[in-house]
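The chain contents come next:
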Amino acid sequence: MGPVLLWACCGRSSPCSTLLTAAFQSQKKLAALGNDVSGVDVYGTVDQALLGELEEKYGIRCSKVPLPISEFDFLVVPVHLNPAYSMLAEARAEGKAVLSHHEAVGKILQDSLELSGTRIIEVTGVKAKTSTASLLADMLSRRFKVVLHTSRGLEAWEKGSPSLVHRGLSITPGSILTAIEKKP
C-alpha cells in the first residue's frame, strides 16, 4: 500500500467564507484540467475584485446572480446550500448531476497521477475531527507513510511522530488540493 493522506474537513461553521474558499480551489483545479468552469457567488459575499481575478487569471466566468441551468452539464455546490436555491432546484428538476465540493474534490483526486497508490481517508463532522484524524495518523504511521491535513496544519507522520510541513491551510474540501501541492 502507498502513502496515506488523512483529511479532516470543515463542519457547519461559517459556510459563507470557508466553503467559498473551497469552491475557488476546486474551480481553479477543474479549469486547469481543461474544463469550462463558471462560478456563482451563491451567498453574495465574495468581493467583486476576487471574482474579476478568477476570470482574468483562470478563465472562470463569475457571476453574482444565478445563471441559466441549460449552460451546465453538472453543478458543484456547497453542502449547506439552501435546496430551494434556483440553480440547484432547476438542476435537480432536469435530472442534472449535482455534486458537493467533497464529491468534486474526490473525483479530481481519483484521477491524480501524483496520488496513484495513495489511500485517502476523509474525516468529517462538526466536532473532534482533528483528534480523530490524529489518532488514526498515529496508528497508521507505525506501518505507513502518513500525511495529515487538519486545523493544526499539514503534518508528516512517521513511526507515531508528527513533523509540521505547513501551517495555515483551511480544512475545507478544496484546500486538500493545495495541501497535496505542499505535501512532503
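Residues numbered from 1 in each chain as written. Predicted model: local features only at pLDDT ≥ 70, side-chain atom pairs only at ≥ 80, totals over all residues. Heavy atoms only, no water.

J.: Quick question: what am I supposed to make of the confidence of the model for the chain here?
T.: Low-pLDDT stretches of the model should not have their predicted coordinates read in fine detail. The predicted model of the chain averages 79 in pLDDT, with 86% of residues at 70 or higher. Taken element by element, the chain is modelled with least confidence in strand β1 (residues 4-8), mean pLDDT 41, and with most confidence in helix α5 (residues 129-140), mean pLDDT 93. With pLDDT under 50 throughout, residues 1-22 is counted as low confidence; its partners more than four residues away or in other chains account for 90 contacts. (pLDDT = per-residue confidence, 0-100. Helix = DSSP H or I, 4+ residues; strand = E, 2+ residues; numbered from the N terminus. Contact = heavy atoms within 4.5 Å.)

J.: Is there a simple way to explain the environment of D138 in this structure?
T.: Tracing the backbone through its elements, the reader meets D138 in helix α5. For the pair D138 and K159, spaced 21 residues apart in the sequence, the C-alpha separation amounts to 7.4 Å. Contacts of D138, omitting those with residues within four sequence positions, involve W157 and G160. Here R142 takes part through its side chain, which lies 2.5 Å from a polar atom of the side chain of D138. (Polar contact = N/O pair within 3.5 Å; in protein donor to acceptor, adjacent residues only side chain to side chain.)

J.: I tried to follow the environment of V37 on my own but got confused; where do I start?
T.: Along the polypeptide, V37 turns up in the loop between α1 (15-32) and β2 (38-40). Classification of V37 as buried rests on a relative accessible area of 9%. Sequence separation between V37 and F72 is 35 residues, and the spatial gap between their C-alpha atoms is 9.1 Å. V37 has contacts with Q27, L30, A31, G59, I60 and R61, leaving out every residue within four places of it along the chain. (Buried < 20%, exposed > 50% of the residue type's maximum accessible area, 1.4 Å probe, protein only.)

J.: Teacher, can you tell me more about helix α6 (residues 175-182) here?
T.: An α-helix turns once per 3.6 residues; consequently, residues spaced three or four apart project the same way. Most of α6 sits out of view: six of its eight residues are buried. Buried within α6 are the following residues: S175, I176, L177, T178, A179 and I180.

J.: What exactly am I supposed to notice about the environment of L115 here?
T.: Inspection of the secondary structure puts L115 in the loop between α4 (101-110) and β6 (119-123). As a C-alpha pair, L115 and I180 span 65 residues in sequence and 8.6 Å in three-dimensional space.

J.: What should I look at first to understand α5 in this one?
T.: Here α5 is 12 residues long and its end C-alpha atoms lie 16 Å apart, about the 16 Å a rise of 1.5 Å per residue gives. Along α5, the positions that sit buried rather than exposed are K129, T130, A133, S134 and A137. The buried residues of α5 occupy an angular sector of 120 degrees when projected down its axis, which confines them to one face. Exposed residues lying more than 90 degrees from the buried face of α5 are L135 and M139. (Expected span 1.5 Å × (residues − 1). Arc of directions from axis to C-beta.)

J.: Explain unusual backbone geometry to me, please; I cannot follow it from the model alone.
T.: Trans is the prevailing form of peptide bonds, just as negative phi is the prevailing case for residues other than glycine. You will see that A128, though not glycine, has its phi angle at about 70 degrees, which is positive. Checked against the element boundaries, A128 lands in the loop between β6 and α5. On the basis of relative accessibility, which here comes to 46%, the residue A128 falls in the partly exposed class. Even without being a glycine, K159 presents a positive backbone phi close to 50 degrees. Relative to the elements of secondary structure, K159 occurs in the loop between β8 (153-158) and β9 (161-166).

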